[in-house]
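Examining the three-dimensional arrangement
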Amino acid sequence: MTQDLLAAAAVKDIVSGMAVGLGTGRAATRAIRALAQRAATERLALRCAATSQASHDLAATLGLTVGSLEEIGPLDFLFDGADEVDPELQMIKGRGGAMTREKIVAHASARRMYLIQSNKLSSRLGEKAPLPIEVLASDLAAVQQTLRTIGLAGPIRLKADGTPYKTDNGNPVIDAPLPVGLDVGQLGASLDRLTGVVGHGLFLTEADDVLIEDEDGRVSRRTRAQ
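Summarised in this report is the structure supplied together with it. (Residues numbered from 1 in each chain as written. Predicted model: local features only at pLDDT ≥ 70, side-chain atom pairs only at ≥ 80, totals over all residues. Heavy atoms only, no water.)

1. Brief notes about the pairing of strand β8 (residues 131-135)
As a reminder of what qualifies: For the exposure calls, accessible area comes from a 1.4 Å probe over protein chains only, and a residue counts as buried if that area is under 20% of its type's maximum, exposed if over 50%, partly exposed in between. Secondary structure counts use DSSP, requiring at least four H or I residues in a row for a helix and at least two E residues in a row for a strand, with both numbered from the N terminus. DSSP bridges decide pairing: two strands pair if at least two such bridges lie between them.
Most of β8 sits out of view: five of its five residues are buried. Neither face of β8 is left uncovered, since the one carrying L131, I133 and V135 and the one carrying P132 and E134 both have all their residues buried. Summarising the sheet, β8 and strand β9 (residues 173-176) pair through four bridges and their orientation is antiparallel. From the neighbouring strand, L131 faces β9, where its bridge partner is A176. As judged from the three bridges shared by β8 and strand β10 (residues 197-200), these two strands associate in the antiparallel manner.

Take a look at the structure:
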């Protein structure tokens, strides 16, 4: 079996006694499996907080100790995936619908590492992925109208069967394409203040390190300048 270099690199700095944040999505799932294998083989004592119910259930099934962030407290390390990363390590996340919890866990973590394939690198945010925005169902129409006034007209996310998608929090998601030239810093601040918006997928300062897997499985690293 070919070694998963990305997953191995994501968990190699985790040591016994750490509190670890577990991300959501395909890359994060690979790292959860690698972490569980290391924990079992090396008898690592770890406490984990997951960013989604799916990641929580997977980690628990694999034998990791998983609790709520409220139970575990500040985290030493987080690994997670991303949908798009620009040259400044600004990211769009939320294709898996967990962006609100992912941001909460990221802000509770001392070190944050994100795992992507090389095709998710872009020259500007919005080039390859729309911006997911989680909205209270009761405020959906009002939020859509406000978003349209700032150029963010996007569809409500649907499941494969055509029914409305709901996050783990029970809320709908709007997937809004980002217009060229939009100031993402100002946009993020505006969304943070907008009544009815629960969370959004702009992660502009969260990444300390990004691990990039190329099409041959080789892994490189980019680190945020201090």
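2. Things to note about the packing of aromatic side chains
How we decide: Here a Phe, Tyr or Trp ring, Trp counted by its six-membered ring, pairs with any other such ring whose centre lies within 6.5 Å, and the pair is stacked when the planes are under 30 degrees apart, edge-to-face when over 60, and tilted otherwise. Any Lys NZ or Arg CZ that is within 6 Å of a ring centre and within 35 degrees of that ring's normal is treated as a charge sitting over the ring.
Tallied over the full model, the rule gives zero aromatic pairs. Of note, K93 hangs over the ring of F203, and the distance from its end group to the ring centre comes to 5.4 Å. Here K103 stacks its cationic end above the ring of F203, 4.7 Å away from the centre of that ring.

3. Concerning helix α3 (residues 53-61)
The test is simple: Directions pointing from the helix axis toward each C-beta atom define the arc. Any two residues whose heavy atoms approach within 4.5 Å at even a single point are treated as in contact.
Within α3, the full set of buried residues consists of S55, L58 and A59. Taken down its axis, α3 places every buried residue within 95° of arc, on the same side. Those residues of α3 hidden inside the fold are in contact with β1 (19-22), α2 (26-42), β2 (47-50) and β3 (66-67). Immediately beyond the C-terminal end of α3, within one or two residues, lies G63, with a positive phi of roughly 100°.

4. Structural notes on the sheet that holds β3
Two orientations exist for strands paired in a sheet by backbone hydrogen bonds: parallel and antiparallel. Strand order in the open sheet formed by seven strands is β3-β2-β1-β4-β7-β12-β13, with mixed pairing between adjacent strands. Two strands close off the open sheet at either side, each with one partner strand: β3 and β13 (219-223). Of the pairings in the sheet, the one linking β2 to β3 comprises two bridges and is parallel in character. What sits directly across from A49, in β3, is G67.

5. Brief notes about the sheet that holds strand β6 (residues 91-92)
Read from one edge to the other, the open sheet built from three strands follows the order β5-β6-β11, with strand pairing classed as antiparallel. Looking at the sheet topology across the chains shown, the edges are occupied by β5 (84-85) and β11 (202-203). Judged from the two bridges that link them, β6 and β11 form a sheet pairing that is antiparallel. Following the sheet pairing, M91 is matched in β11 by F203.

That's the geometry; what it means functionally is another story.
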